[in-house]
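Read off the chains here:
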Amino acid sequence: MTGVPGRNANDVLRALAAQHCRPLAPQLAGAELRDRLACLPGWTDAGNRIEKTFRFADYYRTIAFVNAVASVAHAEDHHPDLAVHYDRCVVAWSTHSAGGVTLNDCICAAKVEAFAA
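Residues numbered from 1 in each chain as written. Predicted model: local features only at pLDDT ≥ 70, side-chain atom pairs only at ≥ 80, totals over all residues. Heavy atoms only, no water.

Asks: Can you walk me through the overall build of the protein chain in this structure?
Replies: Helix and strand counts for the protein chain stand at four helices and four strands. Listed N to C, the secondary structure of the protein chain is α-α-β-β-α-β-β-α in terms of helices and strands. Each principal axis of the C-alpha atoms in the protein chain carries an extent, and together these give about 40 × 35 × 25 Å. Among the 117 residues that make up the protein chain, the fraction classed as buried is 39%. Pairs at least 24 apart in sequence give 67% of the contacts found in the protein chain among residues at least 6 apart. (Helix = DSSP H or I, 4+ residues; strand = E, 2+ residues; numbered from the N terminus. Buried < 20%, exposed > 50% of the residue type's maximum accessible area, 1.4 Å probe, protein only. Contact = heavy atoms within 4.5 Å.)

Asks: Is there a simple way to think about the confidence of the model for the protein chain in this case?
Replies: Close inspection of predicted coordinates is inappropriate in any region flagged by low pLDDT. Per-residue pLDDT for the protein chain has a mean of 92; in total, 94% of the residues score no lower than 70. Counting interchain partners and residues more than four positions distant, the pLDDT-below-50 stretch residues 1–5 has seven contacts. (pLDDT = per-residue confidence, 0-100.)

Asks: For this particular structure, what's the right way to read the nonpolar core?
Replies: Side chains of a nonpolar character, in soluble globular proteins, are inclined to be buried together. Counting residues in each nonpolar core, the largest one holds 26 residues, and the members touching the most others are Leu40, Trp43, Ile50 and Trp93. Every element with two or more residues in this core is listed here: helix 1 (9–17), helix 2 (30–37), strand 2 (50–55), helix 3 (59–76), strand 4 (88–93) and helix 4 (103–116). Top element by residues in this core is helix 4. It accounts for six residues. When near neighbours in sequence (up to four residues on either side) are disregarded, Trp43 contacts Leu37, Ile50, Glu51, Lys52, Phe54, Val91, Trp93, Ala109, Val112 and Glu113. (Core = buried A, V, L, I, M, F, W, Y, C linked by side-chain atoms within 4.5 Å.)

Asks: Looking at this structure, I do not really get unusual backbone geometry. What am I missing?
Replies: Residues apart from glycine generally show negative phi values, whereas peptide bonds are mostly found in trans. A positive phi angle, close to 60 degrees, is found at Leu24, a residue other than glycine. Examined against the element boundaries, Leu24 turns out to sit in the loop between helix 1 and helix 2. Among the residues examined, Leu24 registers a relative accessible area of 83% and is labelled exposed. Not every positive phi belongs to a glycine, and Asp77 is a case in point at roughly 50 degrees. Within the secondary structure, Asp77 is located in the loop between helix 3 and strand 3 (81–84).

Asks: Just to check I follow, could you spell out helix 3 for this structure?
Replies: An ideal rise of 1.5 Å per residue puts 26 Å on 18 residues; helix 3 measures up with 26 Å between its terminal C-alpha atoms. Thr62, Phe65, Val66, Val69, Val72, Ala73 and Glu76 are the residues of helix 3 that are buried. Buried residues of helix 3, viewed axially, fall in a sector of 115 degrees; they line one side. Facing away from the buried surface of helix 3 by more than 90 degrees, the exposed residues are Tyr60, Asn67, His74 and Ala75. Looking at the buried side of helix 3, the elements it contacts are strand 2, strand 3, strand 4 and helix 4. (Expected span 1.5 Å × (residues − 1). Arc of directions from axis to C-beta.)

Asks: How do you make sense of the sheet that holds strand 1 (residues 44–45) when you look at a structure like this?
Replies: The strand order 1-2-4-3 describes an open sheet built from four strands, whose pairing is antiparallel. With partners counted over all chains shown, the strands left at the sheet margins are strand 1 and strand 3, one partner each. Strand direction decides the pairing type here: strand 2 and strand 4, joined by six bridges, are antiparallel. Bridge pairing links Arg55 to Arg88 in strand 4. With respect to the sheet, helix 3 is in contact with strand 2, strand 3 and strand 4, its orientation differing from that of strand 4 by roughly 20 degrees. (Pairing = 2+ DSSP bridges. Axes fitted to C-alpha atoms, helices over the stretch in contact; angles between N-to-C directions.)

Rendered as structure tokens:
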């Protein structure tokens with residue numbers, strides 16, 4: 001994905017964020033998952049999910065971020081696990097019905113990156 005001539009990671013990230021979740025997405029594994037994660041700065045493979053910790057100056061900003069993530073989740077009908085703290089939020093995407101990470105999780109992570117940047 002990142003090896004496509006003329007396309008850098010930011011182009012791929014924008015293209016990923018422009019997509020929408022689809023029902024019954026198959027699980028990503030191996031090189032395909034690593035390739036997607038390479039375009040999602042700071043996101044890690046945490047077994048059957050991808051996750052990232054976002055840090056903020058205060059609780060107000062943390063909650064504003066949580067509300068923005070909730071908006072993405074509602075629009076895509078795909079919902080993350082969130083761990084909310086005073087100055088940070090851990091976002092974890094997984095497709096439980098697929099038993100792991102799917103393209104839907106990467107799409108939602110890219111959408112979060114788009115407004116978090």
